[in-house]
Amino acid sequence: MNRPTKAVVLAAGLGRRLGLDTAKPLLTVAGKPILIRTLENLAAAGVREAVLVVGYLADEVRTTVGESFAGMDVSYIESDAFRTTNNAYSLWLAHKHLDQDVYLVEGDVVFDGELLGALVGAEGDVVTAVAPFRPTMNGTVVTLGEDGTVEEMLLPARQGPELDLATTFKTVNVHLLRERYLREEFVPALEALIADGGHGAYYELVIADTVTAGRFPVRGVDCGALRWYEVDDLTDHGAAEYLFSASDDRLTMLENLHGGYWRYDLIDHRLLYNLYFPPTELVDELARDFRDALVHYPMGHQALQRLLGAVVRQPSERLVVANGASELIKILGGLLGRVGLVVPGFNEYEAVFDEADIHRIHLPAPAFTMDAALVAEEARRAGVAAVIITSPNNPTSMAVPRADLVDLAHRLADHDIRLVVDESFVDFCAPGHSLEPDLAELTGLTVVKSMSKVYGIGGLRLGYLLSADLAFVAAVRAALPIWNVNGFAECFLRLLPRYRDAFTASCARVRDDRDAMAALLAGLPGVEVYPPDANYVMVRLPEGASALDVVRRTFADHGILIKDCGGKSMPDGDRYLRLSCRTPDENAALTAALAAVLAQRPAPMATGAP
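Worth saying up front: this structure is predicted, and the values here are computed from it rather than measured.

1. Considerations on the environment of Tyr530
Then, number 1: Along the polypeptide, Tyr530 turns up in the loop between β23 (528-529) and β24 (536-540).
Then, number 2: On the accessibility criterion, Tyr530 (3% relative accessible area) is buried.
Then, number 3: A sequence separation of 205 residues divides Tyr530 from Ala325, and the C-alpha atoms of the two residues are 26 Å apart.
Then, number 4: Beyond its immediate chain neighbours, meaning those up to four positions away, Tyr530 contacts Pro366, Ala367, Phe368, Thr396, Met398, Val537, Met538, Arg540 and Tyr576.
Then, number 5: Polar contacts involving the side chain of Tyr530 include one to the main-chain carbonyl oxygen of Pro366, which spans 2.7 Å.

Here it is in structure tokens:
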């Protein structure tokens, strides 16, 4: 089929949801304005005349683009009502230019140039780019027949609750309209729509009527394998930036987000959470309380402590309920004074104390095991008020044997030194590791725990501190605001006791998957696997391998996100990876990806790792 030499670009948008002080089509995505990328793609596809319908900050668009661009003549049509109309009116303003084969492109769509070639390669007078619907999408969708013909085009107003969006395709808002269709059906229908007062309508209504009438079959071309994104709000902008950026830039973007990875097309072996909890039934119960949890104030500390006490089977007066363990760690940074931090460990503890108040007690590499007598003696000599240790350790995944922690607690108590044990991952250990049952007998012991990780509720942000030292508990509680835990977290705590057995089963399932994952990783040549107790595995790479380089290549080549230990207080941290456990299939895919990445190393791989 002939390639169009003309294009109409609708570029009058305000971008209210983006909070822009520039014209929406000039919004920059991956270092380039959307409109500039579109015009480059059109020119590369053989377009020689581009008609831009402009509105908001029209002069800025004219100045940026000019009267010619990349060999194309550029003309402008200015909308006089861009604030109060929709795209049907904008396109009607350009109807005199709909006189030959034309690409019709909306000015807020970022796309790869190959998409235009895919449209040209399809048969028909009406061709529209589509892609399989995904939950982050909104707008017009279509259903396709086996031959790619659009069977239904459904604007948002026609998408009732009975519609299974998972079976539909989202329109990309890039179309190829042939001259015969424009002349015989589209332009007359568009003129009739506007004459009938449809200034606030969308031109897709015309194409939807074409689908219904059936005189001109509408061909949908699946462009899901190509890059594209419609940018309507800040979430869309972030997704488009990610999609169109280079791999290393995408990785940096994700690292700066510290979460929210589920919005992106990747497999997350970096963040640590329980994939098998909460069960669907619990989530459904939460959903039933959604409105009440949203609009009403949650309860204060005392009532929340009772709810949590029923979950962990501890007296409520010993508990502090927090907005994730990170809130508690921040408070401990202001209460404990000089501390001995057993490292490597969770970096947040190092971040909340002044460097002058930190004495690092290093677990000896490469075994990273703890000697209670040595830790207690070093803490005494350093004059610390408390020792903080993470068990299971982050990043090693190895738990300190319970008897050794009890020994350490007694030794520190003899010198009036508090022991803080972060047990955020203890539920993934074999039963019997936690110190919580012996809290009253271990003077000076404080347990900190993130519920977000083991209960799979990172978005709720729940954690707690537990101590038999009620004066210390009161001091921590006093540092919290009245409402530090939201209503959804409160509802979760109310429901949780009913699901105790399901939680226990979920942790057992994680243990099985983790052990199988560790066995797979142990088969990688030159890789040492540390025996895991948490829901992640730490590995030591062959000599000469860079963990950071492996992270980058695993992400770039396989779309898998993993974490290096270069930022941990440990020797040769750049030789270690921390790999979170996911499903068996995903763990197998991760192992295969690592094997491929390590096989690309220019130097021969080492055969041993002491």
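Structure shown, so let's carry the discussion forward.
2. So, the confidence of the model for the chain
Then, number 1: Across the chain, the average pLDDT comes to 94, with 98% of residues at or above 70.
Then, number 2: Here residues 602-610 is modelled with pLDDT under 50, and outside its nearest four sequence neighbours on either side it reaches 15 contacts, counting other chains as well.

3. A closer look at the sheet that holds strand β19 (residues 386-390)
Hydrogen bonds along the backbone pair up the strands of a sheet, which may run parallel or antiparallel.
Then, number 1: Strand order across the open sheet formed by seven strands is β16-β22-β21-β20-β19-β17-β18, with mixed pairing between neighbours. Every other strand in the sheet has two partners, leaving β16 (319-322) and β18 (358-362) as the edge strands with one partner each. In this sheet, neighbouring strand axes are inclined to one another by 20° on average, regardless of whether the strands run parallel or antiparallel.
Then, number 2: Both β19 and strand β20 (residues 418-422) contribute to a ladder of five bridges, which runs parallel. The partner of Val387 across the bridge, within β20, is Leu419.
Then, number 3: Where helix α11 (residues 301-312) meets the sheet, its contacts fall on β16 and β22 (463-467), and the angle it forms with β16 comes to roughly 105°.

4. Considering the packing of aromatic side chains
Then, number 1: The full count for this structure, using the stated rule, is 17 aromatic pairs.
Then, number 2: Both rings, one in Phe277 and one in Tyr455, keep their centres 5.8 Å apart while their planes meet at 65°; by these two values the pair is edge-to-face. With a gap of 178 residues between them, Phe277 in the loop between β15 (267-268) and α9 (280-288) and Tyr455 in the loop between α16 (451-454) and β22 connect regions that are remote in the sequence.
Then, number 3: The class of Phe277 is buried, set by a relative accessible area of 2%.
Then, number 4: What makes Tyr455 buried here is its relative accessible area of 8%.
Then, number 5: An aromatic cluster is built from Phe277, Tyr455, Phe492 and Phe503, whose rings are joined through pairwise contacts.
Then, number 6: The ring centre of Tyr242 lies 5.5 Å from the NZ or CZ of Arg250, which sits over that ring.
Then, number 7: Above the face of the Tyr276 ring, Arg509 is positioned so that its terminal group lies 3.7 Å from the ring centre.

Conventions and cut-offs
- Residues numbered from 1 in each chain as written.
- Predicted model: local features only at pLDDT ≥ 70, side-chain atom pairs only at ≥ 80, totals over all residues.
- Heavy atoms only, no water.
- Helix = DSSP H or I, 4+ residues; strand = E, 2+ residues; numbered from the N terminus.
- Buried < 20%, exposed > 50% of the residue type's maximum accessible area, 1.4 Å probe, protein only.
- Contact = heavy atoms within 4.5 Å.
- Polar contact = N/O pair within 3.5 Å; in protein donor to acceptor, adjacent residues only side chain to side chain.
- pLDDT = per-residue confidence, 0-100.
- Pairing = 2+ DSSP bridges.
- Axes fitted to C-alpha atoms, helices over the stretch in contact; angles between N-to-C directions.
- Phe/Tyr/Trp six-rings, centres within 6.5 Å; stacked < 30°, edge-to-face > 60°.
- Lys NZ or Arg CZ within 6 Å of the ring centre and 35° of its normal.

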